[in-house]
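A closer look at the structure
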Amino acid sequence: MMGCFTLSLLLLLLLLVDTPSSTCSSVLPLCNHHDNSNLLQFKNSFSINPSLYKDGWWSEEMGIYCSSYPKTVSWNNNTDCCEWDGVTCDTKSGHVIGLDLSCSMLEGEFHPNSTLFHLTHLQQLNLAFNNFSNSPIYPGIGNLVSLTHLNLSTSALAGDIPSTISHLSKLLSLDLSYNYELTLDESTWSRLIGNTTNMEELVLNVIDMSSIRETSLSLLMNFTSSLLFLNLAYTELHGRFPTGILGLPNLEELSLYVNEDLKVELPKSNWSTPLSVTVFPPFLAKLQNLRNLDLSNNKIHGKIPNWFSDNLLHTWKSMNFIDLSFNQLQGDLPIPANGTDYFAVSNNNFTGGIPSTLSLSTQLIFSHNHLSGTIPSMFCNATFLDALILSHNHLSGVIPQCLGALPDLTILDLQVNNLHGNIPTNFSQDYNFQTIKLNNNQLDGSLPRSLSNCIMLEVLDLAENNLEDVFPSWLEGLQELQVLSLRANKFHGTITSFGAKDPFPKLRIFDVSNNKFSGPLPTSFFENFQGMKDLSNGTHHPRGLLYMHSSSGAAYNDSVVVIIKGQSTELVRILTTFTTIDLSNNMFEGEIPHVIGELSSLKGLNLSHNKISGTIPQTLGNLTSLEWLDFSWNQLKGEIPMALTNLNFLAVLNLSENQLKGMIPTGKQFNTFQNDSYRGNPMLCGFPLSKSCDNDKEQPPSVFAEAKESLFGWKSVAVGYGCGVVFGMFLGRLFIKTAKPLWLARLLCGYT
């Protein structure tokens with residue numbers, strides 16, 4: 001019995017040896033111990049900087065989002081390296097063939113003999129978005145001859161790119177971009193292009209290629225059939241770029257911008273000049289795999305050619321970027337069959353309606369055209385729509401309710417159309433709205449309370465509509481809101497706080513003018529407008545001249561119409577330092593709160609055409625950034641505070657039609673204001689008014705007053721003059737009759 005058991009066990013073992021078990025074959029081999037050791041040494045050569053790209057990094061231009069975390073923290077001797085974050089192993093040999101440490105918070109200098117260069121089986125290496133402290137790319141990179149993908153972008157590398165990079169003959173993708181101190185010389189360029197004949201993606205923007213001559217640029221023609229993406233922007237190239245590159249059959253994207261000394265001519269066609277494209281380039285018709293097309297800011301006119309529309313429908317089915325903005329195009333919109341990620345045709349003369357197939361797109365920018373009809377209900381299915389910009393057209397009908405419920409929609413700009421009806425009521429807290437601009441339409445009804453769910457909202461512009469409601473105090477909890485414009489509607493009642501701890505902390509543009517608001521001015525809001533206070537506070541005021549923009553990838557700038565120095569002005573871009581309060585043309589009453597004087601970064605303050613009484617607070621002299629101040633058509637009393645002469649940037653002052661009295665302050669900016677600034681205040685006096693004050697010390701000094709102070713007053717002079725005349729006449733008469741005194745007669749008449 002025992003022998004039988006032993007024989008059975010032996011047969012089973014033989015079976016396991018000769019017949020591979022499905023269970024065993026599914027187990028990955030252990031990481032190669034040399035690779036394991038090399039990776040650990042590489043890890044230990046750098047430190048982790050937790051603040052490096054901690055909050056993520058987004059490049060609109062590159063279309064990359066980097067969400068950082070320290071991948072190498074999981075690396076240790078107790079686990080197999082094939083299970084480490086960022087590591088990929090060959091399923092048969094266990095060698096490391098892929099290493100992705102992008103956005104890993106690595107910081108420190110590369111070592112010339114880094115153990116990374118011993119991982120000779122690597123096929124893909126990505127070290128982008130780290131900080132290598134201006135280390136050079138060492139020649140050891142040439143040891144990684146199996147590489148097909150190499151990405152070292154945005155990693156603070158510097159110096160000359162070594163010629164050994166040309167040893168990587170299997171490269172399909174090379175990205176060294178955004179290493180500002182990196183240089184590629186002509187010799188290394190020539191070897192690299194000569195050896196990597198299967199290159200599909202070459203991204204070298206923002207590195208120094210100034211030494212490369214146009215004869216060497218022509219080597220790019222070696223990539224006759226392989227090249228798909230080529231980015232050489234900001235590389236200081238010069239000379240003539242080879243025209244033949246534009247005709248490469250599989251080229252999908254070419255970027256050469258900001259190379260001021262580089263001359264680029266499109267293939268011969270009927271251009272007016274090489275820099276002024278007036279028709280659609282015919283060579284585009286032959287491209288089969290076009291994915292990105294930017295013909296913006298040219299002078300292309302007329303209708304879209306048939307071949308272009310046909311290619312959009314039938315050939316270019318993977319098109320993901322079209323920009324035809326700022327031309328003179330007309331007719332119907334072109335229609336991509338499967339939609340496109342980015343579709344911009346703004347500032348043209350397109351007419352007709354909006355095709356429903358465009359609901360498959362991510363970003364639609366159709367502003368400043370002549371489009372008509374309604375907004376298609378098909379947009380309700382546009383679950384990936386990020387930006388919908390249809391402003392400055394002739395659209396009519398109602399706003400589809402579903403637009404308030406699109407989860408990814410960041411920008412909704414429908415301003416300056418003929419839309420009517422109510423604002424959508426179903427805004428959800430989970431959504432990402434940053435800009436909502438519905439101004440200059442014919443919308444009516446009240447504001448939906450669900451707007452308070454848009455916690456990321458920065459711009460809300462509902463001006464120039466027929467909205468009728470009380471002030472939406474429930475918006476004060478929106479911590480990111482910077483622009484609130486309710487101008488020219490039918491809002492009414494008092495403006496009071498809803499009780500939030502920090503109401504409107506980032507608000508910088510507050511415009512509720514031309515409504516029917518009443519009661520006292522909203523002191524509680526003025527007390528909490530942190531975004532209008534000291535500019536040195538970096539929390540609310542980013543340093544430098546920056547403009548508001550959306551985190552969306554759309555080429556979109558927030559804009560707003562405000563009254564500046566008495567003129568309606570559209571700010572097509574909004575500086576992050578621009579601040580204004582406009583409460584004009586309402587029925588506010590009571591006094592001006594002293595706390596307004598704490599809003600020291602305020603540029604404009606307009607309280608005109610109300611029923612405000614009391615005096616002008618001295619504290620307004622603290623508004624040292626103020627450029628325009630309008631308190632006209634109120635019931636203000638008292639004197640104009642001398643403290644206002646401290647406002648060195650004040651260019652426009654309007655205090656007309658009040659009940660002010662006393663002497664107008666002089667000095668500094670006050671010497672530049674004219675009569676119009678003070679008309680309708682009959683009790684004011686002094687410059688520039690013709691009415692002088694009784695005790696005006698500034699009047700020109702009197703000539704008589706000066707004479708009074710001299711040693712001889714006018715009375716003394718008059719008496720002396722009279723006496724002198726009488727005495728003179730007596731002497732004259734005596735002289736004529738007697739010729740005496742003799743000495744005078746001899747002198748004057750020659751008597752002897």
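Anything mentioned here points back to the structure above.
These remarks concern the structure in this document. (Residues numbered from 1 in each chain as written. Predicted model: local features only at pLDDT ≥ 70, side-chain atom pairs only at ≥ 80, totals over all residues. Heavy atoms only, no water.)

This part is about the overall build of the protein. Scanning the protein for helices and strands turns up 10 helices and 47 strands. Counting only residues that meet the buried cut, the protein has 48% of its 752 residues in that class. Considering only contacts in the protein between residues 6 or more positions apart, those separated by 24 or more positions represent 57%. If you sum the accessible surface of the protein, you get close to 36000 Å²; carbon and sulfur atoms cover 54% of it. (Helix = DSSP H or I, 4+ residues; strand = E, 2+ residues; numbered from the N terminus. Buried < 20%, exposed > 50% of the residue type's maximum accessible area, 1.4 Å probe, protein only. Contact = heavy atoms within 4.5 Å. Areas by Shrake-Rupley, 256 points an atom, 1.4 Å probe, with all protein chains shown as cover.)

It is worth spelling out unusual backbone geometry at this point. Geometrically, the link from phenylalanine 687 to proline 688 is a cis peptide bond, its omega value of 10 degrees lying close to zero. With respect to the helices and strands, the residue proline 688 is situated in the loop between β47 (683-685) and α8 (703-708). Phi at phenylalanine 129 is positive, roughly 60 degrees, even though this residue is not glycine.

A few words now on the environment of asparagine 658. You can see asparagine 658 is positioned in the loop between β45 (652-654) and β46 (659-663). Once the C-alpha coordinates of asparagine 658 and phenylalanine 631 are considered, the two residues, 27 residues apart in sequence, prove to be 8.4 Å apart. Ignoring sequence-local partners within four residues, the contact set of asparagine 658 consists of Phe631, Ser632, Trp633, Asn634, Gln635, Leu636, Gly680 and Asn681. At 3.2 Å, the side chain of asparagine 658 forms a polar contact with the backbone oxygen of serine 656. (Polar contact = N/O pair within 3.5 Å; in protein donor to acceptor, adjacent residues only side chain to side chain.)

Of all 5 residues in strand β5 (residues 96-100), 4 are buried; the element is thus mostly enclosed. With 3 bridges joining them, β5 and strand β7 (residues 124-126) adopt parallel strand pairing. Along β7, the bridge assignment pairs glycine 98 with glutamine 124. (Pairing = 2+ DSSP bridges.)

The subject of this paragraph is the pattern of salt bridges. Under the defined criterion, the tally for this structure stands at 7 salt bridges. Between arginine 487 and glutamate 464 there is a salt bridge whose closest N-O contact spans 3.6 Å. Of this pair, arginine 487 sits in the loop between β33 (483-485) and β34 (492-493) while glutamate 464 sits in the loop between β31 (459-461) and β32 (466-467), and the two are 23 residues apart along the sequence. Connected through shared salt-bridge partners, Glu464, Arg487 and Asp511 make up one network. (Salt bridge = Lys/Arg side-chain N within 4 Å of Asp/Glu carboxyl O.)

Turning next to the state of the cysteines. Going through the model one piece at a time under the given rule, you end up with 4 disulfides. The residue that forms a disulfide with cysteine 31 is cysteine 81, at a sulfur-sulfur distance of 1.6 Å. Linking cysteine 31 and cysteine 81, the disulfide has an S-S dihedral of approximately 75 degrees and is accordingly described as right-handed. You can see cysteine 31 sitting in the loop between α2 (22-25) and α3 (33-44) and its partner cysteine 81 sitting in the loop between β3 (64-66) and β4 (87-89), a full 50 residues away along the chain. Here cysteine 31 matches cysteine 81 in class, with each residue buried. The residue that forms a disulfide with cysteine 380 is cysteine 402, at a sulfur-sulfur distance of 2.0 Å. Because the sign of the S-S torsion sets the handedness, a value of about -75 degrees for the bond joining cysteine 380 and cysteine 402 places this disulfide among the left-handed ones. In this pair, cysteine 380 is assigned in the loop between β24 (372-373) and β25 (387-389) and cysteine 402 in the loop between β26 (394-398) and β27 (411-413), connecting sequence segments 22 residues apart. Judged by relative accessible area, which is 34%, cysteine 380 ranks as partly exposed. On the basis of relative accessible area, cysteine 402 is assigned to the buried category, the value being 15%. (Disulfide = S-S within 2.5 Å.)

The strands making up a sheet associate through backbone hydrogen bonding, with each pair oriented either parallel or antiparallel. Sheet architecture is open: 8 strands sit in the order β4-β5-β7-β8-β10-β12-β13-β15, paired in mixed fashion. At either end of the open sheet lies a strand with only one pairing partner, and these are β4 and β15 (253-255). Across this sheet, the average inter-strand angle for adjacent strands is 10 degrees, counted without regard to direction. Pairing geometry for strand β10 (residues 173-175) and strand β12 (residues 201-203), over 3 bridges, is parallel. Across the sheet, serine 173 pairs through a bridge with glutamate 201, a residue of β12. (Axes fitted to C-alpha atoms, helices over the stretch in contact; angles between N-to-C directions.)

Aromatic ring pairs are defined here through the distance separating the ring centres and the angle between the ring planes. Summed over the entire model, instances satisfying the criterion amount to 25 aromatic pairs. Between phenylalanine 471 and phenylalanine 510, the aromatic rings sit 6.1 Å apart at their centres with planes inclined by 90 degrees, giving edge-to-face as the arrangement. Here phenylalanine 510 lies in strand β35 (residues 509-511) and phenylalanine 471 lies in the loop between β32 and β33, a separation of 39 residues in the sequence. We classify phenylalanine 471 as buried; its relative accessible area is 5%. Judged by centre distance (6.2 Å) and plane angle (70 degrees), the ring pair of phenylalanine 526 and phenylalanine 529 falls under edge-to-face. Per residue, the accessibility class of phenylalanine 526 equals that of phenylalanine 529, and both read buried. Aromatic ring contacts, followed pair by pair, group Phe471, Phe491, Phe504, Phe510, Phe517, Phe525, Phe526, Phe529 and Phe588 into a single cluster. (Phe/Tyr/Trp six-rings, centres within 6.5 Å; stacked < 30°, edge-to-face > 60°.)

Quick look at the side chain of asparagine 658 now. With relative accessibility at 5%, the residue asparagine 658 sits in the buried group. At a separation of 3.0 Å, a polar atom in the side chain of asparagine 658 contacts the main-chain carbonyl oxygen of phenylalanine 631. Polar contacts involving the side chain of asparagine 658 include one to the main-chain carbonyl oxygen of leucine 655, which spans 3.1 Å.

The next point concerns the environment of asparagine 528. Here asparagine 528 lies in the loop between α7 (523-526) and β37 (560-564). Along the backbone, asparagine 528 and proline 503 are 25 residues apart, and their C-alpha atoms lie at a distance of 6.3 Å. Not counting residues within four places of it along the chain, the set of residues in contact with asparagine 528 comprises Lys501, Asp502, Pro503, Phe504 and Pro505.

With that settled, the discussion passes to the sheet that holds β32. Reading across the sheet, the 5 strands line up as β24-β26-β28-β30-β32 and stay open at both edges, with parallel pairing between neighbours. The open sheet has two free edges, formed respectively by β24 and β32, since each of these has just one partner strand. Judged from the 3 bridges that link them, β26 and strand β28 (residues 418-421) form a sheet pairing that is parallel. Its bridge partner being in β28, valine 398 is matched across the sheet by histidine 420.

Another point: helix α6 (residues 306-314). Considered for burial, the residues of α6 that qualify are Phe308, Asn311 and Leu312. For α6, the arc enclosing every buried residue in end-on projection is 100 degrees, short of the 170-degree limit, so these residues lie on one face. Across α6 from its buried face, at more than 90 degrees, point the exposed residues Asn306 and His314. For α6, the elements touching its buried residues are β17 (292-294) and β19 (321-323). (Arc of directions from axis to C-beta.)

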